[in-house]
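Take a look at the letters that make up each chain.
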Amino acid sequence: MKPPPTPDDRLSPADLAAKYGLSVSGARPSLPEYVRQLWARRHFILAFSRAKLTAQYSQAKLGQVWQVVTPLLNAAVYFLIFGVIMGGRKGIPGGQENYIPFLVTGVFVFTFTQTSVLNGVRAISSNLGLVRALHFPRASLPISICLQQLQQLLYSMIVLVVILVSFRHFPAWSWLLILPALLCQFLFNTGLALIMARLGSKTPDLAQLMPFITRTWLYASGVMFFLPYQLSRIDAPAWMIDVLQANPAAVYMDLIRFAFIDGYPASSLPPHVWALALGWGVLVGIGGFVFFWKSEERYGRG
């Protein structure tokens, strides 16, 4: 015997959900609400980044020492190949004696961006269990990755300061410029990681391609040599020098080198360097956040 009809039987699923105050599970919130949700989970984001940093080298005997040793070994290889064999020490602002501080600073700063991008590609795809099991703003994952890399860079800065002092570059007021430069770079890295996280969530093969792209970016940013000098040796057009110097990785490296290294002249910086640093950070940071948010409800679904 069928039960008697009820008024709800005549309602569509949408009207029925509206009547009882139901909403779609995992629906994308408004942008202001999304920002509020992220802020409410700021302690989780920071704790997650610290846990990932601690676990990164937990299986190695030297443990967290590898956070500093890895970029230093890269710098040693670049010094041998580009500094000694290929003559990359020529044209360094302030003289060839500044080459090691110039190189190590560039390697540390570029590694901050490079690892943020490479890990950002896998931010969603490597945490699918967490994404599917819990409801939280998915932007927490790429943001925590960039916080992890920022903490690693700060550890590396301790070694960098020792290197600088050993080459007679002592603390000065210009070192305070590192704080706004790193803030702009962090905004840029976070936005780029958010963009790559969304792309990588749907195209896992992108994770295999990105190392080749970031390696090309490294060579085009003047990590191992002074870019304007090397380009002038091959009679590169002025516009090419301006474009390569204005790329964000080169901008942030130049600012931090200028802050750290005595004798690094302001004329070595690209025109309007602070406007470029802030512009890249705000443009990519905000643009990447909005781009990631627009696909919020689709992360973790097949």
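Preceding this section is the structure that the text describes.
All values reported here derive from a predicted model rather than from experimental measurement.

K.L.:
I'd like to hear about the nonpolar core, residue by residue, with values.
P.N.:
Residues Met224 and Phe260 are the most contacted members of the largest nonpolar core, which totals 59 residues. Of all the secondary-structure elements, those providing two or more residues to this core are α4 (66–85), α5 (99–121), α7 (140–166), α8 (178–202), α9 (206–219), α10 (227–233), α12 (248–260) and α13 (273–293). If you tally residues by element for this core, the top one is α5, at eleven residues. Counting 18 residues, the second largest nonpolar core, distinct from the first, contains Ala123, Ala139, Leu141 and Tyr299.

K.L.:
Explain a nonpolar patch on the surface to me, and be specific about the residues and the numbers.
P.N.:
Residues Val77, Leu80, Ile81, Val84, Ile85 and Met86 make up a contiguous nonpolar surface patch of about 550 Å² in total accessible area. Relative to the elements of secondary structure, Val77 occurs in helix α4. Residue Val77 is classed as partly exposed on the basis of its relative accessible area, which comes to 47%.

K.L.:
Could you give an account of the side chain of Thr105, with specific residues and numbers?
P.N.:
Within the secondary structure, Thr105 is located in helix α5. Look at Thr105 and you get buried, because its relative accessible area is 0%. Reaching out from Thr105, the side chain makes a polar contact with the backbone oxygen of Pro101 at a distance of 2.7 Å. Not counting the four nearest positions on each side in its chain, Thr105 is found in contact with Leu160, Ile256, Arg257 and Phe260.

K.L.:
Account for the environment of Arg122, with residues named and values stated.
P.N.:
Structurally, the position occupied by Arg122 is in the loop between α5 and α6 (128–133). Exposure remark for Arg122: the relative accessible area of 35% places this residue in the partly exposed category. Each C-alpha atom of the pair Arg122 and Ser201 lies 7.3 Å from the other, and the pair is 79 residues apart in sequence. In contact with Arg122, not counting residues within four places along its chain, are Asn127, Ala207 and Gln208.

K.L.:
Provide a residue-level description of the packing of aromatic side chains, including the pertinent values.
P.N.:
For the structure on display, the rule yields eleven aromatic pairs. Ring geometry for Tyr34 and Phe289: centres 5.7 Å apart, planes at 45°, overall tilted. Taken together, the residues Tyr34 in helix α2 (residues 31–40) and Phe289 in helix α13 connect sequence positions 255 residues apart. Just as Tyr34 is buried, Phe289 falls in that class too. Ring geometry for Phe188 against Trp217: centres 6.4 Å apart, planes inclined by 70°, an arrangement best described as edge-to-face. With a gap of 29 residues between them, Phe188 in helix α8 and Trp217 in helix α9 connect regions that are remote in the sequence. Connected via pairs of aromatic rings, a cluster forms that spans Phe110, Phe188, Trp217, Tyr252 and Trp280.

K.L.:
Run through the packing of α5 against α9, naming residues and quoting values.
P.N.:
One way to put it is that α5 packs onto α9 with a least axis distance of 9 Å and a crossing angle of 165°. Put simply, α5 runs roughly antiparallel to α9. The handedness of the crossing between α5 and α9 comes out as right-handed. Contacts between α5 and α9 involve Phe110, Thr113, Gln114, Val117, Leu118 and Val121 from the former and Leu206, Ala207, Met210, Pro211, Thr214, Trp217 and Leu218 from the latter. Looking at side-chain class alone, the contact of α5 with α9 contains ten nonpolar, three polar and no charged residues.

About the criteria used
Residues numbered from 1 in each chain as written. Predicted model: local features only at pLDDT ≥ 70, side-chain atom pairs only at ≥ 80, totals over all residues. Heavy atoms only, no water. Core = buried A, V, L, I, M, F, W, Y, C linked by side-chain atoms within 4.5 Å. Buried < 20%, exposed > 50% of the residue type's maximum accessible area, 1.4 Å probe, protein only. Helix = DSSP H or I, 4+ residues; strand = E, 2+ residues; numbered from the N terminus. Patch = residues over 30% accessible without salt bridge, like charges linked within 9 Å, V, L, I, M, F, W, Y side chains within 5 Å. Areas by Shrake-Rupley, 256 points an atom, 1.4 Å probe, with all protein chains shown as cover. Salt bridge = Lys/Arg side-chain N within 4 Å of Asp/Glu carboxyl O. Polar contact = N/O pair within 3.5 Å; in protein donor to acceptor, adjacent residues only side chain to side chain. Contact = heavy atoms within 4.5 Å. Phe/Tyr/Trp six-rings, centres within 6.5 Å; stacked < 30°, edge-to-face > 60°. Axes fitted to C-alpha atoms, helices over the stretch in contact; angles between N-to-C directions. Parallel < 35°, antiparallel > 145°, perpendicular 65-115°, else oblique. Left-handed = near helix turned anticlockwise from the far one by under 90°. Nonpolar A, V, L, I, M, F, W, Y, C, P; charged D, E, K, R; others polar.

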